[in-house]
Amino acid sequence: MAQSGAVIRPPRKNQNYLARLGRNIVKHKWTYMMMIPVLAYYIIFHYGPLYGVQIAFKDFNPGKGIWGSKWVGLKHFISFFKGVYAWRTIRNTLFINIYLLLFGFPAPIILALLLDEIHKPVFKKTVQTITYLPHFISTVVIAGILVDFCSTNGLFNQIALMINPNYTKVALLGKMSLFRTIYVSSDIWQSIGWNSIIFIAALSGVDSELYEAVAIDGGNRFHRVWHVSIPCLLPTIVIMFILRIGNLMSLGFEKIILLYTTGTYEVADVISSYVYRRGLLDFSYSFSSAVGLMNNIINFILVMTANAISRKVTETSLW
Amino acid sequence: MKKTTKALALVLSLMLLMSVVSITAMADGSAEPSKLTYWRALDTSKETVMFTNWADSELAKWIAEATNCEVTFVHPPAGQESEKFNLMIASFDLTDIIERDLSNTSNYPGGVDKAVDDGVIITLNEAWDNGLVPNLKAYFDAHPEWLPQLVTDRGNITNFPFIREDDILLTSWGPQIRIDWLEELNIGFDENNLPSTISDWDTVLRAFKDAGKCEYPLLCVSLNSIGDNSALPGAYGVGWEYYLDEEGNVQYGPTQDAFKDFIAQIKIWIDDGLVNPDWQANLNTAQLRQNILSDNAAMYFSNLGGGMGTWYDYKNAELGTKSEPANPEGFRSFALPFPTLEKGEKSRFGGSALHVASFCAFITTACEDVEGACRYMDFGYSEEGKEMFNYGKEGISFNYINYEDMNSPVDLSAFGDKFPRWSDAILADPDHAVAEACSLYIRAHSSGPFPQDEGYLVQFMKYADQLKTIETWNGSSDYSGSLMPRLYFTTEESEELASLETDIDTYKDETITKFLVGDTELNDATWADFQNGLKAMGIEKCLEIRNAAVQRAYERGGK
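Conventions we followed
- Residues numbered from 1 in each chain as written.
- Chains lettered and ligands numbered in written order.
- Predicted model: local features only at pLDDT ≥ 70, side-chain atom pairs only at ≥ 80, totals over all residues.
- Helix = DSSP H or I, 4+ residues; strand = E, 2+ residues; numbered from the N terminus.
- Rg over C-alpha atoms; globule rule 2.2 N^0.38 Å.
- Contact = placed C-beta atoms within 7 Å.
- Nonpolar A, V, L, I, M, F, W, Y, C, P; charged D, E, K, R; others polar.
- Pairing = 2+ DSSP bridges.
- Axes fitted to C-alpha atoms, helices over the stretch in contact; angles between N-to-C directions.
- Buried ≥ 20, exposed ≤ 12 C-beta atoms within 10 Å, placed from the backbone.
- Domains from an automatic or database assignment.
- pLDDT = per-residue confidence, 0-100.
- Arc of directions from axis to C-beta.
- Parallel < 35°, antiparallel > 145°, perpendicular 65-115°, else oblique.
- Core = buried A, V, L, I, M, F, W, Y, C linked by C-beta atoms within 7 Å.
- Left-handed = near helix turned anticlockwise from the far one by under 90°.

> What's the story with the overall build of chain B in this structure? I'm lost.
Along its length, chain B carries 22 helices and 14 strands. Relative to the globule expectation of 24 Å for 559 residues, the C-alpha radius of gyration of chain B, 27 Å, shows essentially globular dimensions. Seen through its C-alpha atoms, chain B measures out along the principal axes to roughly 110 × 60 × 40 Å. Sequence-distant contacts in chain B: of pairs separated by 6 or more residues, those separated by 24 or more amount to 77%.

This is the structure in structure tokens:
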């Protein structure tokens, strides 16, 4: 399009970038107009608020406004790292995220592969619907259900008692050793269906001739999956993996604070829940911004690194 | 023709009359009503059952009418009160009036004086001097001994407080027991000889367990409920967190040696299966109620009205005996004295409120009609307003009766033949518990900008057991010595406290939990570790700051 014109007629010296852009805009005005909402969204909701990032380096006071508050340099960053629990919360955030990555990341891929092997549309659709329904339940409700199920008279204890009459009931959420298991497995239960959609979509685009080729070569189902489905999914998997890596340092506080108890702080207290207790409940806006900023910078570095490695090794990358 | 003239004259004179009437009406309507916005959280256990906006309640309409104000209420959704309030402050999009206790530093770090400095609220000192809040001023002129509880260290008067006018209103929470089970056990305890020491508790808890009354006799809803209001640690003479010792100095319970004995005792009860393990899982009010009503608990801590009264209502509703103010069949909850170590002693802990119980409502810097806002808020402290907040309107929500017709343990003789008794509109609502139904007409059942009257409490106590409860609780606790005065911190102090106490709280909660469940063995060495840990985190600095604030409070006369 625009490029082909440029090839035929090399740009004149006096034609600067803006003039060319202007011409291009006139020429493709509808395309550009369609872009406006997207641009506006990013400018208003993603670049505009960057102005507020400065409160991480200030003692923000709502009465004085962002600009009027006093600069304090790195005070809040230092205050976070000086806290006794800083390293514990970083460790817990990483651990829970790594578990989510280890167990939670492959789960939707496996589900997608299994569903792809089912050729009864009714059954397939039913399974799909059932698995992604939990995604629409709010975290508060999920946590409420979990608290009920895990209490001493809850479902899980009742089941255990039915299987083994000598079993002594315990408050499962108070057990340090079980917290991560409960957190991660409930997360998988809630997100498996929803996260599998993108893989199912990718699988539906696989050329059926490839499967026929496997059949002709005498391959069984396992061969089909191993030699066709997975290689075809790989680019999607890599992209999703890189995105996932970018969240390694962040974990929402909602579910954590709904589920943790004083007995499980040791393994459950993450950066965001600590900031919630320290920052939000105590109005330390600047403190929470500082920790949030630090989190994002680390996440940004992680994404960049993962992307670079992936580009070198697999030739698939985000950019 | 004549008829027409007559008719015309009649019409004309009527028109004249009407115009005169309308002119008079305009003159009578005096000023335009003040338009105000008002932020407040609704009581989710009582009020939200009846309405979603307080403007829909009868009481709000009556007050608006009496003060000539038009008020728009903004209510945060249940469970998001803190977030919505913080958001309002952060965005500085303030309503004219805010109802939230800003003196509580967990609601507003730095407290009231800081909120004034931050330009969130205005002080009422000017309004006080210029007669804009005549009723509030008159009220404190009549009770000068409470004025220091209202004024901050810096001499600011900032708020329209919630006042518990009579001593009897100060304790509304405490330990309770299934007295019907206790009497069945036949181990020497009954209504007139209640378990009052920790060793009595031990005996009774074990007896409940052995008799198979319930699996876990003692129900605590969370770790903090084990130490709530220092009721149990109070038996050992220490508080659960900060408290005043006998010399009037601030102490931190967990740093006291006696606290270890308390933890050791609770641990024994937990190990022997006497405590419901769900204390680790933070049960909510509904789960507490469900456990109690389904016979899963024999001893627990709860409120008089919202707890005991509501359970009785539920039980009666279940049994179909709702309208009868009789103790329900097969379920009797009864107050226990606040426990001590020695029989006959009085606990130094238990109660939790000052007369000026909370700093209820504030006028913000966003308010343009300060005079109107003062008029609206000041109403609650007038005789008429106080009556309205406590009882509603005569003939609709209450009627005057002779006090002798009330079966009350409280001396009501001051009321004479003018005791304001709630009407059936509240007491006989077929669909709602009394605590819920009264939300339409009064606010005395929770808190608000007015003095709470003891006559209100008597209304509430529909059941004979409730009447005895207050006597038991008040009679067993002499808590005023241990109660902290209202403290004010400077900006530097509150910042320092915020950064130290988050970690201290985490460490304390966590370590105590580990002791209780046995993850860490409780012995002299581990206890010393705990003490050293608290010291390393700066507990001494916190005590120093708090002691300085207490000294300032003493100088102010706040205690």
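Here the narrative resumes, following the displayed structure.
> Mind showing me how you'd approach the overall build of chain A here?
Along chain A, the regular secondary structure elements total 17 helices and 2 strands. The principal-axis extent of the C-alpha atoms belonging to chain A is close to 85 × 75 × 35 Å. A separation threshold of at least 6 residues defines the contact pool for chain A, and within that pool the share at least 24 residues apart is 65%.

> Got a minute to help me understand the interface of chain B and chain A in this structure?
For an interface, size is often stated in terms of accessible area lost upon the parts coming together. On the chain A side, the residues contacting the 26 residues of chain B number 28 residues. Every element with two or more residues in the side of chain B that touches chain A is listed here: α3 (81-91) and α20 (491-517) of chain B. Here the side of chain B that touches chain A takes 9 residues from α20 of chain B, the largest share from any one element. Looking at side-chain class alone, the side of chain B that touches chain A contains 11 nonpolar, 10 polar and 5 charged residues.

> How should I be thinking about the sheet that holds strand β14 (residues 451-452) of chain B in this particular structure?
Hydrogen bonds between backbone atoms are what pair the strands of a sheet, whose relative direction is either parallel or antiparallel. Residues and elements named next belong to chain B. Taken together, 6 strands build an open sheet; the order of strands is β2-β1-β3-β11-β4-β14 and the sheet is mixed. This sheet does not close on itself; its edge strands, each paired only once, are β2 (69-74) and β14. Here strand β3 (residues 97-99) runs beside strand β11 (residues 356-363); their pairing, made up of 3 bridges, is antiparallel. Residue pairing across strands places Ile97 opposite Ile363, the latter belonging to β11.

> How should the sheet that holds strand β9 (residues 299-303) of chain B be read in this particular structure?
Residue and element names in this part refer to chain B. Reading across the sheet, the 4 strands line up as β6-β9-β5-β10 and stay open at both edges, with mixed pairing between neighbours. With partners counted over all chains shown, the strands left at the sheet margins are β6 (218-219) and β10 (333-335), one partner each. Taken together, the 2 bridges between β6 and β9 define a ladder with parallel strand orientation. Paired with Leu219 across the bridge in β9 is Tyr300. The strands touched by helix α13 (residues 304-319) within the sheet are β5 (173-178), β9 and β10, with β9 carrying the most contacts at an inclination of about 115 degrees.

> Help me out: how do you make sense of the pairing of β9 of chain B in this one?
Consecutive side chains along a regular strand alternate between the two faces of the sheet. Residue and element names in this part refer to chain B. Burial analysis of β9 places 4 of its 5 residues in the buried class, the great majority of the element. Summarising the sheet, β5 and β9 pair through 5 bridges and their orientation is antiparallel. Within β9, the residue paired with Ile177 across the bridge is Met299.

> How do you make sense of the domain arrangement of chain A when you look at a structure like this?
Residues and elements named next belong to chain A. Split by domain assignment, chain A resolves into domain 1 (2-70) and domain 2 (74-313). For domain 1 versus domain 2, the separation of C-alpha centres amounts to 35 Å. At the interface, 6 residues of domain 1 touch 6 residues of domain 2. Residue composition of the side of domain 1 that touches domain 2, by class: 4 nonpolar, no polar and 2 charged.

> Would you take a moment to explain helix α12 (residues 208-216) of chain A for this structure?
Turn by turn, an α-helix covers 3.6 residues, leaving residues three or four places apart pointing in a common direction. Across the 9 residues of α12 of chain A, 0 count as buried, placing the element largely on the outside. Just downstream of α12 of chain A, Gly218 of chain A is the residue with a positive phi angle, here 85 degrees.

> I'm lost on the confidence of the model for chain A in this one. Help?
Do not read the predicted coordinates in detail wherever pLDDT is low. Residues and elements named next belong to chain A. Scored by pLDDT, chain A comes out at a mean of 86, with 94% of its residues at no less than 70. Of all secondary-structure elements in chain A, the lowest mean pLDDT belongs to helix α1 (residues 2-8), at 47, while helix α7 (residues 106-116) reaches the highest, 93. In this model, residues 1-6 is a region of pLDDT below 50 whose contacts with residues beyond four sequence positions or in other chains number 2 contacts.

> What should I look at first to understand the domain arrangement of chain B in this one?
Residues and elements named next belong to chain B. Entries for chain B in the domain assignment read domain 1 (32-163 + 355-390), domain 2 (173-353 + 472-481) and domain 3 (491-556). Using C-alpha coordinates to define each centre, domain 1 is positioned 33 Å away from domain 3. In this assembly, 7 residues from domain 1 lie in contact with 5 residues from domain 3.

> Looking at this structure, I do not really get the environment of Trp128 of chain B. What am I missing?
Structurally, Trp128 of chain B can be placed in helix α5 (residues 125-129). Sequence separation between Trp128 of chain B and Cys374 of chain B is 246 residues, and the spatial gap between their C-alpha atoms is 9.7 Å.

> I tried to follow the pairing of β11 of chain B on my own but got confused; where do I start?
All names here are of chain B. Of all 8 residues making up β11, 8 are buried, and the element is well covered by its neighbours. Both strand β4 (residues 159-164) and β11 contribute to a ladder of 4 bridges, which runs antiparallel. Opposite Ile163, over in β11, you have Val356 as the bridge partner.

> When you look at unusual backbone geometry in this model, what are you seeing that I'm missing?
With the exception of glycine, most residues fall at negative phi, and the peptide bonds are largely trans. Residue and element names in this part refer to chain B. Look at Asn229: it is not a glycine, yet its phi comes out positive at around 50 degrees. With respect to the helices, strands and loops of the structure, Asn229 is situated in the loop between α10 (223-226) and β7 (242-244). A positive phi angle, near 55 degrees, is found at Ser230, a position not held by glycine. Position of Ser230 relative to the elements: it lies in the loop between α10 and β7.

> Help me understand helix α2 (residues 58-67) of chain B in this model?
Residues and elements named next belong to chain B. Taken together, the buried positions of α2 are Leu59, Trp62, Ile63 and Thr67. Looking straight down α2, one finds its buried side chains confined to an arc of 115 degrees; they lie on one side. The secondary structure elements touched by the buried residues of α2 are β2, α14 (370-378) and α15 (383-391).

> What is the right way to read the packing of helix α5 (residues 75-82) of chain A against helix α17 (residues 285-313) of chain A from this model?
Each pair of packed helices gets described by two things: the angle between the helix axes and the distance between those axes. Residue and element names in this part refer to chain A. In contact at an axis separation of 9 Å, α5 and α17 are set at 80 degrees when each is read in the N-to-C sense. As judged from the angle between their axes, α5 and α17 are roughly perpendicular. The segment α5 lies against α17, with His76, Phe77, Ser79 and Phe80 engaging Ser286, Phe287, Ala290, Val291 and Met294.

> So what exactly am I meant to see when it comes to the nonpolar core here?
The tendency in soluble globular proteins is for nonpolar side chains to be buried as a group. All names here are of chain B. One finds Ile97, Leu205, Leu218, Val275, Ala373 and Cys438 to be the most contacted residues of the largest nonpolar core, which totals 158 residues. In terms of residues, this core owes the most to one element, β11, which gives 7 residues. Setting aside chain neighbours within four positions, we find Cys438 in contact with Trp422, Ile426 and His445. Core analysis: the second largest hydrophobic core is formed by 17 residues, Val250, Tyr252, Leu497 and Met537 among them.

> Is there a simple way to think about the environment of Ala373 of chain B in this case?
All names here are of chain B. Among the secondary structure elements, Ala373 is positioned in helix α14. By C-beta crowding, Ala373 is classed as buried, having 28 other C-beta atoms within 10 Å. Distance from Ala373 to Leu132, taken between C-alpha atoms, is 9.5 Å for residues 241 residues apart in sequence. Sequence-distant contacts of Ala373, defined by excluding residues within four places in its chain, comprise Leu36, Asp96, Ile97, Ile363 and Cys367.

> Is there a simple way to think about the confidence of the model for chain B in this case?
Looking at chain B, pLDDT values average 86 and 92% of them are 70 or higher. As a predicted assembly, this complex carries a pTM of 0.76 together with an ipTM value of 0.71.

> What is the right way to look at the packing of helix α6 (residues 86-104) of chain A against helix α11 (residues 176-204) of chain A in this model?
Residue and element names in this part refer to chain A. The interhelical angle for the contact between α6 and α11, taken along N-to-C directions, is 45 degrees, at an axis separation of 10 Å. Taken together, the axes of α6 and α11 are oblique relative to one another. The handedness of the crossing between α6 and α11 is right-handed. Residues Phe95, Ile96, Tyr99, Leu100, Phe103 and Gly104 of α6 pack against Arg180, Tyr183, Val184, Asp187 and Ile188 of α11. When its residues are assigned to classes, the contact of α6 with α11 shows 8 nonpolar, 1 polar and 2 charged.

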